[in-house]
Amino acid sequence: MRAHIVTYGCQMNEYDTHAIRSELAGIGYSFVDSYKEADLVLVNTCAVRGKPVEKAQTLLGELRKEKRQRGNLTIGLIGCLAQLPEGQRMGKRFNVDIMLGPGAITQIVPAIERGRFQSFEFDNELRFYSPPPPTGSVSAHLTIMRGCNHRCTYCIVPTTRGPEVSRHAEDILNEARALADAGVVEVTLLGQNVNSYGLEPGTGVRRARLEGYPSFAELLRMVGRVGIPRVRFVTSHPINFDDDIIEAIADTPAVCRYIHLPVQSGSDRVLKRMAREYTRDFYLNRIKKIREFLPDAVISTDIIAGFPGETDEDFEETLSLYREVQYDMSYMFIYSEREGTPAANHFDDMPREVKARRLARLADLAKEISLERNQEWVNHKVEVLVQGPFDEEGMSLGHTRGNHVAVIAGNLDPGIHQAVVAHATPNRLYCIEALEDAMLDSTV
Ligand code: 5AD
Ligand code: SF4
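Residues numbered from 1 in each chain as written. Chains lettered and ligands numbered in written order. Predicted model: local features only at pLDDT ≥ 70, side-chain atom pairs only at ≥ 80, totals over all residues. Heavy atoms only, no water.

1. Quick notes on the pattern of salt bridges
When the charged atoms of two side chains with opposite charge come close together, those side chains can pair. Applied cut-off: Just to be clear on terms, a salt bridge is a Lys or Arg side-chain nitrogen sitting within 4 Å of an Asp or Glu carboxyl oxygen. For helices the rule is a DSSP run of H or I covering at least 4 residues; for strands it is a run of E covering at least 2, with both sets numbered from the N terminus onward. Residue exposure (1.4 Å probe, protein chains only): buried if accessible area is under 20% of the type maximum, exposed if over 50%, otherwise partly exposed.
Counted under the stated rule, the structure contains 26 salt bridges. With a closest N to O distance of 3.5 Å, Arg161 and Asp16 form a salt bridge. Within this pair, whereas Arg161 is found in helix 5 (residues 157-161), its partner Asp16 is found in helix 1 (residues 11-26), the two being separated by 145 residues in sequence. One salt bridge in this structure joins Glu170 and Arg177, with 3.5 Å as the shortest N-O distance. Glu170 gets classed as partly exposed once you look at its relative accessible area, which sits at 39%. Classification of Arg177 by relative accessible area gives partly exposed; the value is 36%. Here the salt bridges share partners, and the residues they tie into one network are Glu186, Arg230, Arg232, Glu383 and Arg401.

2. Brief notes about the sheet that holds strand 17 (residues 415-425)
To keep it simple, the criterion reads: In short, DSSP must find at least two bridges between two strands for them to pair. To get an axis, fit a line to the C-alpha atoms, keeping to the stretch in contact for a helix; angles then go from 0 to 180 degrees between the N-to-C directions. Contacts were defined at the residue level, with two residues in contact if any of their heavy atoms lie within 4.5 Å.
With mixed pairing, the five strands of this closed barrel are ordered in space as 14-15-16-18-17. On average, adjacent strands in this sheet sit at an angle of 50° to one another, irrespective of strand direction. As paired strands, strand 17 and strand 18 (residues 428-433) are joined by six bridges and run antiparallel to one another. Counted as the bridge partner of Ala424 is Leu429 from strand 18. Its contacts with the sheet put helix 13 (residues 352-375) on strand 17 and strand 18, and the angle it makes with strand 17 is roughly 120°.

3. Focus: unusual backbone geometry
Peptide bonds are, in most cases, trans, and in most cases residues other than glycine have a negative phi. In this chain, Val234 is followed by Thr235 through a cis amide linkage whose omega measures 0°. Within the secondary structure, Thr235 sits in the loop between strand 10 (230-234) and helix 8 (243-251). Positive phi, normally seen in glycine, also occurs at Asn95, with a value near 60°. For Asn95, the location among the structural elements is in the loop between helix 3 (85-93) and strand 5 (98-100). For Asn95, a relative accessible area of 44% corresponds to the partly exposed category. Even without being a glycine, Gln264 presents a positive backbone phi close to 75°. Relative to the elements of secondary structure, Gln264 occurs in the loop between strand 11 (258-260) and helix 9 (268-274). Classification of Gln264 by relative accessible area gives buried; the value is 7%.

4. Things to note about the domain arrangement of the protein
Quick note on the threshold: Domain borders in the structure are assigned automatically or taken from a domain database. By definition, the buried area sums, over both parts, the 1.4 Å-probe accessible area that each loses when the two are put together.
In terms of domains, the protein is made up of domain 1 (2-121), domain 2 (126-375) and domain 3 (381-433). Of the residues lining the interface, 20 residues belong to domain 2; the matching set on domain 3 comes to 20 residues. When the two sides are added together, the surface that domain 2 and domain 3 hide from each other amounts to roughly 1400 Å², 56% of it contributed by carbon and sulfur. Looking only at domain 2, the three residues that lose the most surface to domain 3 are Val138, Arg230 and Asn374, adding up to 41% of its buried area. Connecting domain 2 to domain 3 are one salt bridge.

5. Things to note about the packing of helix 10 (residues 280-293) against helix 11 (residues 312-325)
What counts, and what does not: These descriptions rest on fixed angle ranges, namely under 35 degrees for roughly parallel, over 145 for roughly antiparallel, 65 to 115 for roughly perpendicular, and the rest for oblique. Helix crossings are classified by the rotation of the near helix relative to the far one: an anticlockwise turn of less than a right angle makes the crossing left-handed, while a clockwise turn makes it right-handed. Ten residues, namely Ala, Val, Leu, Ile, Met, Phe, Trp, Tyr, Cys and Pro, are considered nonpolar, four, namely Asp, Glu, Lys and Arg, are considered charged, and the remaining ones, Gly among them, are considered polar.
For the pair helix 10 and helix 11, interaxial distance at closest approach is 11 Å and the crossing angle is 15°. When the axes of helix 10 and helix 11 are compared, the pair comes out roughly parallel. The chirality of how helix 10 crosses helix 11 is right-handed. Mapping the contact onto sequence places Arg280, Tyr283, Leu284, Ile287 and Arg291 in helix 10 and Glu317, Ser320, Leu321, Glu324 and Val325 in helix 11. Here the contact of helix 10 with helix 11 is composed, by residue class, of five nonpolar, one polar and four charged.

6. A short note on the site of ligand 1
To keep it simple, the criterion reads: For this purpose, a residue is taken to be near a molecule or strand whenever a single non-hydrogen atom of the residue falls within 4 Å of it. Distance and chemistry together define a polar contact, namely a pair of N or O atoms within 3.5 Å, with one atom able to donate a hydrogen and the other to accept it when in protein, and with adjacent residues in sequence counting only for side-chain atoms on both sides. In these tables, accessible area is a Shrake-Rupley quantity obtained with a 1.4 Å probe, and a residue counts as shielded only by the protein chains included in the view.
Looking at ligand 1, the residues that line it are Val48, Arg49, Tyr154, Gln264, Asp302, Ile304, Phe333, Ile334, Tyr335, Ser336 and Arg338. Contact distances for ligand 1 include 2.7 Å between an oxygen atom and a side-chain N or O atom of Arg49. When ligand 1 sits alone it has 400 Å² of accessible area, and the protein chains cover 86% of it. Where the shell around ligand 1 is concerned, the elements lending two or more residues are strand 12 (298-305) and strand 13 (329-334).

7. A short note on helix 6 (residues 169-181)
Inclusion rule: Multiply 1.5 Å by the residue count of a helix minus one, and that product is the helix's expected span. The directions considered for the arc run from the helix axis to the C-beta atoms.
Spanning 13 residues, helix 6 covers 18 Å between terminal C-alpha atoms, matching the ideal 18 Å at 1.5 Å per step. Inspection of helix 6 places Ala169, Ile172, Leu173, Glu175, Ala176 and Leu179 among the buried residues, and these make up the whole buried set. Along the axis of helix 6, the buried residues cluster in a sector spanning 160°; they form a single face. On its buried side, helix 6 packs onto helix 1, strand 6 (139-143), strand 9 (186-190) and helix 7 (216-224).

8. Examining the site of ligand 2
Around ligand 2, the structure places Cys148, His150, Cys152, Tyr154, Cys155, Val157, Pro158, Gln192, His237 and Arg276. Taken together, the residues of the shell around ligand 2 break down into six nonpolar, three polar and one charged.

Encoded structure:
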């Protein structure tokens with residue numbers, strides 16, 4: 001039995017795919033790189049914007065054709081899209097056999113065994129997967145919570161992934177220890193809103209530390225002591241990014257000083273319509289605090305261009321906030337109306353050209369600032385986690401503690417290398433391995 005899994009979307013989805021692979025391997029599946037050779041194809045989808053939905057739809061069209069030609073193909077639509085009416089309609093239209101939303105993927109094996117069109121109920125007492133650490137990999141993901149209790153008006157995630165459910169700290173620590181034992185040198189703690197880790201499902205009340213649910217700040221300190229040299233986390237919400245978290249990062253050497261703090265917009269009027277629960281001043285104050293405690297922090301963000309009703313003045317405020325914060329990097333999106341979200345129900349979308357023009361201006365600014373920020377690293381030492389070879393001959397690819405993409409001269413082994421930055425572009429640091437350290441070590 002051969003399976004092929006296609007994954008779209010966020011790191012949570014990658015983690016889910018990894019978990020599903022180990023479940024499938026457990027019942028005898030092997031994995032192939034093309035759906036042409038597979039008996040089972042799973043499409044792990046993302047529904048956060050229109051583009052990944054279109055991609056899934058195109059692929060389902062191809063799979064339907066393949067299935068008609070040879071008959072013996074089981075198709076599964078899993079992940080966020082499967083949780084939505086839009087996905088259910090698509091499932092029927094493309095003759096999909098298995099539908100599983102992200103809240104029910106623990107049901108993957110029974111679903112395959114039954115193998116007919118079906119949906120599973122959302123599992124609020126979600127059991128978490130604890131897949132074995134990836135073999136030979138230097139980095140790993142570790143889910144600490146799922147779902148989101150916020151209600152940003154543009155966002156489909158609270159519908160697809162449900163309310164927040166946190167995983168017991170002891171399970172998290174056990175998994176982190178297993179990763180450390182397996183030689184993993186970087187772990188990313190995952191969740192839609194990791195900062196609010198430890199809330200009781202349903203009530204949203206903070207659980208007691210004695211019950212095994214410390215605060216996120218405490219959890220960071222605990223994971224930081226496990227012995228994995230790099231600990232990261234995504235993603236954060238500014239309203240929950242409190243001083244304790246900043247202090248925990250500052251006090252815990254293993255925690256990377258890379259902070260992804262999505263702002264979405266620099267205009268108070270737009271933030272209010274997005275129901276982001278904070279103002280521009282509140283956000284800037286968080287940044288000030290980060291810079292005070294972590295002067296060397298690398299900061300990135302998410303921004304949406306063209307939210308309904310965003311005026312030119314609103315957009316100028318986003319640009320001015322961007323300049324003020326001096327982000328090292330950013331993820332920018334054109335607003336994409338999602339069926340069933342409050343924004344789609346209450347606000348009128350605007351012409352795509354306006355959104356596209358704004359995104360292009362934002363991208364220009366981001367490029368200019370990233371280049372300036374990256375050039376400041378030239379001639380400075382960075383720690384590069386090499387993952388493997390780079391496209392160009394004789395070069396390796398990795399990333400710094402600050403999450404910069406780093407290209408480093410030489411065919412280096414995967415793992416941590418000390419390097420000096422020789423040249424910078426807006427999205428890369430080109431480095432040379434710092435040999436002095438090796439020489440120092442060899443004289444000791
Ligand atoms: N349109 C555009 N971008 C969106 N995001 C979430 N929902 C939408 C949407 N409907 C972006 C936000 C979020 C990131 C993961 O995706 O910026 O932080
Ligand atoms: Fe979506 Fe907002 Fe929750 Fe992030 S915090 S997942 S943007 S609702």
